[in-house]
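An overview of the molecular structure
Okay, here's what each chain looks like letter by letter:
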Amino acid sequence: MAETPQKPHRSGGIVFGLARSDLLHEWILTTCLVMAIAAVLSPLLLLFGLKFGTIETLRHRLIMDPRNREIRPMVSKSFTRQWFDQMRQRHDVAFIVPTTRQISSTVDVQAHGRGPKKALDIIPTMDGDPLIRENGAPIPGEGQCVLSAAAAQELGVKTGDTVLAWAKRIKGRRYQSASTRLRVAGVLNPRASMRKAMYVRLDFLEAVEAYKDGRAVPRFGWSGTTALAYPVYSGLVVVVPQKLTKLEENMLVINTGFSKVVEPGEDLDKKIGFHLGRHMQIYLLTTRKPVGLESVGAVRGRLRGKGATLLPLAGPLAAELLGPGGTKVADLKVVGLSVHPGMAADLKLSPLPPWGRGQGSMAKLLTIMLPQGLKVPPGPLSLKLTRGKQTLSFPVQATEERGPAGDVAYLPSRLAGILNLFQHRNISFDPTGKEFILARRGYAGFRMYAATIDDVPKLKQFLEGPGQALRVHTEASRIRDVVELNTYLTLIFWLIAVVGIVGGLASLIASLYASVERKKKEMAVLRLLGLSGGKLFRFPIYQGIIIAGGGYLVAMAFFQLLAYTINTLFAAHLQKGESFCELPWPYALASLAATIAIAVLAASLAAWRATRIEPAEALRDE
Amino acid sequence: MENTPSAAVDRDSPRSTAQASPTTPGPDVYRLINVLKRREKGGNVFELHIPEMVVGPGQFVALVGASGCGKSTLLDMLAMVLRPTSATEFSITVPRTGRQHHVMEMDDEAMARVRMAQLGYVLQTGGLLPFLSVRDNIMLPCRINGINDRRAEVDMLVQRLGISGQMSKKPAHLSGGQRQRVAIARALAHRPPIVLADEPTAAVDKYTARDIRDEFKELTQQMQVTLLMVTHDESLVAGVVDRTFGFKVKKLNDQHTQSTLLEEK
């Protein structure tokens with residue numbers, strides 16, 4: 001095609017320069033156009049800002065308000081730890097914490113440890129409690145509490161103060177009370193609860209409940225009885241000099257708790273974990289579920305005068321032997337074995353543990369006979385048992401005597417029986433009293449929050465369904481209102497937004513189209529000077545971009561000013577991380593991109609028309 | 001439409017030597033043979049017929065006629081901003097390179113390229129861009145062509161035209177005569193071989209018009225530029241130009257006007 005002596009370069013730059021010069025030359029008109037676009041964009045940006053600020057905040061507050069997500073049981077029932085674990089696994093449960101019986105859920109509280117006592121509800125909490133978290137307080141730790149606004153007002157205390165909490169019980173005809181100090185870790189926002197309540201860790205509630213039940217709470221120095229763990233056995237070896245009659249055999253399992261009399265087989269030693277001579281009659285009583293000492297006593301009664309020796313069976317149980325500092329020494333199988341030293345010889349029993357019948361206080365029974373050859377570091381030893389997530393550990397004293405080589409260790413029968421109980425129930429070791437204490441079985445109720453308000457009906461259905469058969473209370477009517485309000489808010493926003501966007505679009509297109517129409521003459525001259533249609537096409541587009549960009553900048557400045565004003569004015573009503581008017585930067589960028597895109601579109605439309613006109617005709621139009 | 005490039009070239013070579021220009025020898029700058037432009041507007045038909053128009057390099061050619069005769073239409077076609085309806089030949093030859101461009105076979109881009117580099121254009125009211133200063137207006141064709149070394153020559157040109165004091169003003173602040181001089185400077189700044197002027201003196205008084213005409217002629221002669229000037233005022237160009245073309249207008253009926261280009265000898 002036709003050549004050119006000098007190749008024109010940077011004609012894009014020339015066109016941009018011309019577009020800019022033209023806008024600068026007509027700066028008053030340019031300002032008008034920029035302002036016209038800013039006038040359309042500012043309210044739109046503000047609308048979006050309010051959408052992301054106020055509306056989102058309100059919506060979030062409504063939808064996520066823990067009060068709307070709460071599910072409370074209407075009946076008291078025993079809920080096991082496993083049940084709570086299961087519920088925690090559900091993805092529609094945001095939070096669940098067990099509660100104790102209603103009766104044990106109040107304490108008397110004194111501000112700063114003096115003055116009048118005020119009765120407060122105590123409500124259990126733990127990490128992740130949305131009611132606490134979303135109402136401006138930290139989750140209370142050990143020795144801490146969080147107060148509702150009403151409770152804090154009643155007591156006249158604030159965050160950081162100390163209160164004295166009193167638990168009360170009736171013993172005989174007298175009231176007894178005991179107290180502990182708690183630090184106020186935070187005060188909830190008034191909207192969290194109208195109740196005069198104190199939020200504490202679950203174990204504090206358990207302590208109060210234990211005290212009301214007459215038990216001691218060594219942690220707080222509260223006196224009372226202790227629920228000690230008791231031994232249970234999974235079988236009984238009966239050794240008698242003479243063979244029993246069939247009737248006598250049957251008598252051993254009728255109403256004793258044992259279920260069957262079994263002739264010992266060849267594998268008896270392996271089954272029971274120790275060796276017995278076979279020169280006497282041996283019977284093995286089995287059981288379907290572990291039995292207590294009373295069953296052993298019942299059997300003993302039936303065999304009175306027959307010279308019988310009874311060896312209750314506990315184990316073998318898996319346990320870890322820990323050295324000083326909790327380092328693991330060995331994995332062991334522990335077996336309970338206690339027998340009168342005099343009897344042991346008659347039974348040809350081996351091994352022979354040195355603790356005899358294994359009686360006396362539990363402190364004396366924390367001993368273990370380790371297998372031969374096991375190397376044990378010097379210093380204190382302890383034994384640890386694990387069941388699921390539960391562990392039980394306690395100190396043990398190794399005897400001088402050693403049992404046969406291998407991994408079997410021997411414990412006094414009563415201790416092994418308690419460890420046997422641990423297979424079914426939670427037990428803790430109290431190091432001060434050197435006793436095993438029975439932990440609670442379950443809880444009377446719970447506080448639960450669904451993940452969202454939409455999950456509430458489903459959860460209610462599940463809990464009231466055949467599997468659970470609970471009756472629960474939910475804020476169903478309030479949820480309905482919230483969902484409705486949410487729908488309307490969203491709808492109203494989009495209606496306004498659509499009208500605003502359509503109006504803005506029309507105004508932007510009209511402004512830019514008009515400005516290109518006015519530039520027809522200049523564009524014709526440029527075309528005459530040799531700018532091709534394609535290059536000339538960019539002239540109004542650059543102008544559109546400059547005008548729209550300018551309009552956006554002005555609108556953004558207005559928006560920032562207004563957003564700042566609004567947020568400052570309403571700062572008191574905002575929580576941390578909330579804002580009444582804000583435009584996240586990806587949306588700010590997106591709105592700029594949309595504005596520029598619309599500007600290019602509008603200018604292209606006009607430019608297409610302008611460049612289609614023959615330059616000659618444009619020149620002669622006057 | 002009926003002409004083919006080969007036919008055009010065949011006829012071209014013997015003619016160009018036979019019809020050499022009186023001032024400068026070389027190939028014809030414009031060759032228009034049997035060109036027709038037909039325009040229809042609101043039921044009115046206007047036809048411009050050019051049996052033959054051949055312009056040699058360096059010539060000063062006047063196109064004279066009353067308004068409505070089609071002289072601006074012709075000028076637009078010569079300026080490659082308007083396509084003829086049909087033509088046996090319509091070509092422009094660049095004197096410097098000898099390269100011939102056949103308008104009937106060119107697309108818009110190609111025409112824009114030729115226009116950019118080879119043509120200067122002076123419009124009735126200057127056609128200056130109001131948003132650029134006088135200097136930027138004059139330098140614009142150079143910038144579009146990517147020429148950066150014309151500063152000294154342009155300064156000379158401006159001095160000759162007597163507008164060197166106006167360089168940083170915007171066109172709106174100039175008088176009509178000054179504006180036309182700026183337009184002439186712009187048309188010549190990038191040294192095109194051809195300059196087209198559309199009634200360049202229509203907006204100024206008679207004396208200024210003559211001054212402008214003389215300056216224009218002098219400059220184009222010095223620069224060996226082929227100048228085609230449209231005017232309605234025959235007295236302005238009489239005795240000054242190399243050649244004059246006129247229009248014979250025939251009204252066939254109320255709606256149909258026919259105009260034919262004829263050279264006045």
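The sections below set out a description of the structure shown in this document. (Residues numbered from 1 in each chain as written. Chains lettered and ligands numbered in written order. Predicted model: local features only at pLDDT ≥ 70, side-chain atom pairs only at ≥ 80, totals over all residues. Heavy atoms only, no water.)

With that settled, the discussion passes to the packing of helix α5 (residues 151-161) of chain B against helix α6 (residues 176-189) of chain B. All names here are of chain B. The N-to-C vectors of α5 and α6 enclose an angle of 150 degrees; their axes lie 10 Å apart at closest approach. By the criterion of interaxial angle, the relationship of α5 to α6 is roughly antiparallel. Along this stretch, α5 crosses α6, giving a crossing that reads as right-handed. Contacts from Val154, Leu157 and Leu161 of α5 reach α6 at Arg181, Ile184, Ala185, Leu188 and Ala189. Looking at side-chain class alone, the contact of α5 with α6 contains 7 nonpolar, no polar and 1 charged residues. (Axes fitted to C-alpha atoms, helices over the stretch in contact; angles between N-to-C directions. Helix = DSSP H or I, 4+ residues; strand = E, 2+ residues; numbered from the N terminus. Parallel < 35°, antiparallel > 145°, perpendicular 65-115°, else oblique. Left-handed = near helix turned anticlockwise from the far one by under 90°. Contact = heavy atoms within 4.5 Å. Nonpolar A, V, L, I, M, F, W, Y, C, P; charged D, E, K, R; others polar.)

All names here are of chain A. Here the structure, examined in full by the defined rule, presents 28 salt bridges over all chains. Of the charged contacts, one joins lysine 328 and aspartate 331 as a salt bridge, the two residues approaching to 3.0 Å between their closest N and O atoms. Linked through salt bridges whose partners overlap, the residues forming this network are Lys118, Glu154 and Lys196. (Salt bridge = Lys/Arg side-chain N within 4 Å of Asp/Glu carboxyl O.)

What follows concerns the environment of glutamine 221 of chain B. Counting through the fold element by element, glutamine 221 of chain B comes out in helix α7 (residues 206-222). Residues glutamine 221 of chain B and phenylalanine 60 of chain B, 161 residues apart in the sequence, show an inter-C-alpha distance of 8.3 Å.

Tyr30, Met53, Leu63, Leu74, Leu78 and Leu196 of chain B are the most contacted members of the largest nonpolar core, which totals 58 residues. With 5 residues, the single largest contributor to this core is strand β2 (residues 44-55) of chain B. Among the nonpolar cores identified, the runner-up in size contains 48 residues, and Ala229, Tyr233, Val396 and Ala409 of chain A belong to it. (Core = buried A, V, L, I, M, F, W, Y, C linked by side-chain atoms within 4.5 Å. Buried < 20%, exposed > 50% of the residue type's maximum accessible area, 1.4 Å probe, protein only.)

This part takes up the sheet that holds strand β23 (residues 445-450) of chain A. All names here are of chain A. Spatial ordering of the open sheet is given by β3-β23-β1-β24, a layout of 4 strands whose pairing is antiparallel. On the outer flanks of this sheet lie β3 (93-99) and β24 (472-474), each paired with one strand and no other. Each strand axis lies, on average, 20 degrees off the axis of its neighbour in the sheet, ignoring direction. Sheet analysis places strand β1 (residues 70-73) next to β24, joined by 3 bridges and oriented antiparallel. (Pairing = 2+ DSSP bridges.)

Residues and elements named next belong to chain A. Taking strand neighbours around the barrel as the criterion, the 6 strands line up as β4-β5-β9-β6-β8-β7 in a closed arrangement whose pairing is mixed. For this sheet, the mean angle separating the axes of adjacent strands, direction not counted, is 45 degrees. The pairing of strand β6 (residues 144-147) with strand β9 (residues 197-201) spans 2 bridges and is classified as antiparallel. Bridged to leucine 147 within β9 is methionine 198. Along the sheet, helix α7 (residues 202-212) contacts β4 (106-111), β5 (118-125), β7 (162-171), β8 (174-187) and β9; its crossing angle with β9, the most-contacted strand, is approximately 105 degrees.

Before going further, it helps to spend a moment on empty space enclosed by the protein. In total, this model carries 4 cavities of 30 Å³ or more according to the counting rule given. The space that makes up the second largest cavity amounts to roughly 40 Å³. In terms of lining, the second largest cavity is formed by Leu528 and Leu529 of chain A together with Arg115, Leu119, Gly120, Tyr121 and His190 of chain B. Examining the composition of the lining of the second largest cavity, we find that 3 residues originate from one element, strand β6 (residues 119-122) of chain B, more than from any other. Classifying every residue of the lining of the second largest cavity by side-chain character gives 4 nonpolar, 2 polar and 1 charged. (1 Å grid on protein atoms, 1.4 Å probe; cavity = no way out; pocket = protein on both sides within 12 Å on 5 of 7 lines; lining within 4 Å. Points joined across faces, edges and corners; volume = space filled by probe spheres on them.)

Bringing helix α16 (residues 520-528) of chain A into the picture now. Residue and element names in this part refer to chain A. Burial analysis of α16 places 7 of its 9 residues in the buried class, the great majority of the element. Within α16 the residues assigned to the buried category are Glu522, Met523, Ala524, Val525, Leu526, Arg527 and Leu528. A positive phi of about 110 degrees marks glycine 530, the residue just after α16.

Moving on: the pairing of β6 of chain A. Sheet topology note: the β6 of chain A/β8 of chain A ladder contains 4 bridges and is parallel. For valine 146 of chain A, the partnering residue across the bridge sits in β8 of chain A and is glycine 186 of chain A.

All names here are of chain A. Across the 6 residues that make up β23, a large majority, 6, are buried. Side chains of β23 alternate between two faces, with Gly445, Arg447 and Tyr449 and Phe446, Met448 and Ala450 buried alike. Bridge analysis of β3 against β23 gives 6 bridges, and the strand direction is antiparallel. Bridge pairing in β23 links isoleucine 96 to methionine 448.

With that settled, consider α7 of chain A. Residue and element names in this part refer to chain A. Of all 11 residues making up α7, 9 are buried, and the element is well covered by its neighbours. Listed as buried for α7 are Leu202, Phe204, Leu205, Glu206, Ala207, Val208, Glu209, Ala210 and Tyr211. Glycine 214 sits one or two residues past α7 and shows a positive phi near 95 degrees.

Residue and element names in this part refer to chain A. Inspection of the entire model under this criterion finds 17 aromatic pairs over all chains. Between the aromatic rings of phenylalanine 79 and phenylalanine 446, the centroid separation amounts to 5.2 Å while the plane-to-plane angle is 75 degrees, which identifies the pairing as edge-to-face. Here phenylalanine 446 lies in strand β23 and phenylalanine 79 lies in strand β2 (residues 79-80), a separation of 367 residues in the sequence. The two residues phenylalanine 79 and phenylalanine 446 agree in class, both being buried. Ring geometry for phenylalanine 493 and tryptophan 494: centres 4.9 Å apart, planes at 70 degrees, overall edge-to-face. Given the relative accessible area of 42%, tryptophan 494 is considered partly exposed. Among the aromatic residues, those joined into a ring-pair cluster are Phe79, Trp83, Phe84, Tyr443 and Phe446. Its guanidinium or amino end placed over the ring of phenylalanine 462, arginine 90 lies 4.0 Å from that ring's centre, counting from NZ or CZ. Sitting above the plane of the tyrosine 211 ring, arginine 169 keeps its charged end 3.8 Å from the centroid. (Phe/Tyr/Trp six-rings, centres within 6.5 Å; stacked < 30°, edge-to-face > 60°. Lys NZ or Arg CZ within 6 Å of the ring centre and 35° of its normal.)

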